[in-house]
Amino acid sequence: MKNQDKLFSRKSAPERSARMVETIYGCKWSLTVYQLLANGINRPGAMVRSVEGLTTKVLNECLRKNTDFGILQRLTYNEAPPRVEYQVTRFGEKFVRILDELEKLQDEIESEV
């Protein structure tokens, strides 16, 4: 069979989205942050107070990664003292649904073993 007769080319993982999933799952706090946001806890100080073992430094790094990927949006209010809140973007809602599906898949795999 000649090259021009081939119907399919080699398929590889989507680079950006695969890196996003790997990075978010690699950060053990991202899923916890999504859970906090879903429960209306959207200020960094409240997040740290709500989760045992979560530090401000680690949370800020996690929030920065999620913001860089466009999963979260940082809202800054011009107040004294300054107030910062986070919310899930439209893209982030789609991304979190994919993570939920991965969790369901993992549950299925574990139940078969």
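Predicted model, so just to flag it, every value in this text is computed and none were measured.

A.B. asks: Now, about the overall build of the protein: what can you tell me, with residues and values included?
C.D. replies: Of the regular secondary structure elements, the protein holds 5 helices and 2 strands. Tracing the protein from N to C terminus, the helices and strands come up as α-α-α-α-β-β-α. At a minimum sequence separation of 6, the contacts of the protein that also span at least 24 residues come to 47%. If the 18 positive side-chain charges of the protein are averaged to one point and the 16 negative ones to another, these points end up 8 Å apart.

A.B. asks: Give me the pairing of strand 1 (residues 72-77): which residues, what numbers.
C.D. replies: As judged from the 6 bridges shared by strand 1 and strand 2 (residues 83-88), these two strands associate in the antiparallel manner. Within strand 2, the residue paired with leucine 72 across the bridge is valine 88. Between strand 1 and strand 2, which follow one another and run antiparallel, lie 5 residues.

A.B. asks: Residues and numbers for the pattern of salt bridges, please.
C.D. replies: If you walk through the whole model with that rule in mind, you get 5 salt bridges. For glutamate 61, the salt bridge identified is with arginine 64, shortest N-O distance 2.6 Å. Remark: arginine 64 and glutamate 61 occur in helix 4 (residues 56-68); sequence separation between them is 3 residues, near one turn of the helix. For glutamate 61, a relative accessible area of 36% gives the class partly exposed. On the accessibility criterion, arginine 64 (40% relative accessible area) is partly exposed. One salt-bridge network, held together by shared partners, links Glu61, Arg64 and Asp68.

A.B. asks: Describe the nonpolar core, naming the residues involved and giving the relevant values.
C.D. replies: Among the nonpolar cores identified, the biggest contains 22 residues, and Val33, Tyr34, Ile71 and Leu72 are the most heavily contacted of them. Listed by contribution, the elements that provide at least two residues to this core are helix 1 (15-26), helix 2 (30-38), helix 4, strand 2 and helix 5 (90-112). Broken down by element, this core gets its largest block of residues, 4 residues, from helix 2. Look past the residues within four positions of tyrosine 34 in its chain and what remains in contact with it is Ile24, Asn66, Ile71, Leu72, Phe95, Val96 and Leu99.

A.B. asks: Mind laying out a nonpolar patch on the surface, listing which residues take part and the relevant values?
C.D. replies: On the surface, Tyr25, Leu31, Ile98, Leu102, Leu105, Ile109 and Val113 cluster together into a nonpolar patch covering about 650 Å² of accessible area. When you line up the elements, isoleucine 98 lands in helix 5. Under the relative-accessibility criterion, isoleucine 98 is labelled partly exposed at 47%.

A.B. asks: Would you mind going over helix 2 in detail, with residue names and values included?
C.D. replies: Those residues of helix 2 not exposed but buried are Ser30, Thr32, Val33, Tyr34, Leu36 and Leu37. As for helix 2, its buried residues are in contact with helix 1, helix 3 (44-50), helix 4, strand 1, strand 2 and helix 5.

A.B. asks: I'd like to hear about the packing of helix 2 against helix 4, residue by residue, with values.
C.D. replies: Where helix 2 meets helix 4, the closest approach of the two axes is 10 Å, and the angle between their N-to-C directions is 80 degrees. Classified by the angle between their axes, helix 2 and helix 4 sit roughly perpendicular to one another. Listed contacts from helix 4 to Ser30, Val33 and Tyr34 of helix 2 are Leu59, Cys62, Leu63 and Asn66. Among the residues making up the contact of helix 2 with helix 4, the classes are represented as 5 nonpolar, 2 polar and no charged.

Rules used throughout
- Residues numbered from 1 in each chain as written.
- Predicted model: local features only at pLDDT ≥ 70, side-chain atom pairs only at ≥ 80, totals over all residues.
- Heavy atoms only, no water.
- Helix = DSSP H or I, 4+ residues; strand = E, 2+ residues; numbered from the N terminus.
- Contact = heavy atoms within 4.5 Å.
- Lys, Arg positive; Asp, Glu negative; His and termini not counted.
- Charge placed at Lys NZ, Arg CZ, Asp CG, Glu CD.
- Pairing = 2+ DSSP bridges.
- Salt bridge = Lys/Arg side-chain N within 4 Å of Asp/Glu carboxyl O.
- Buried < 20%, exposed > 50% of the residue type's maximum accessible area, 1.4 Å probe, protein only.
- Core = buried A, V, L, I, M, F, W, Y, C linked by side-chain atoms within 4.5 Å.
- Patch = residues over 30% accessible without salt bridge, like charges linked within 9 Å, V, L, I, M, F, W, Y side chains within 5 Å.
- Areas by Shrake-Rupley, 256 points an atom, 1.4 Å probe, with all protein chains shown as cover.
- Axes fitted to C-alpha atoms, helices over the stretch in contact; angles between N-to-C directions.
- Parallel < 35°, antiparallel > 145°, perpendicular 65-115°, else oblique.
- Nonpolar A, V, L, I, M, F, W, Y, C, P; charged D, E, K, R; others polar.

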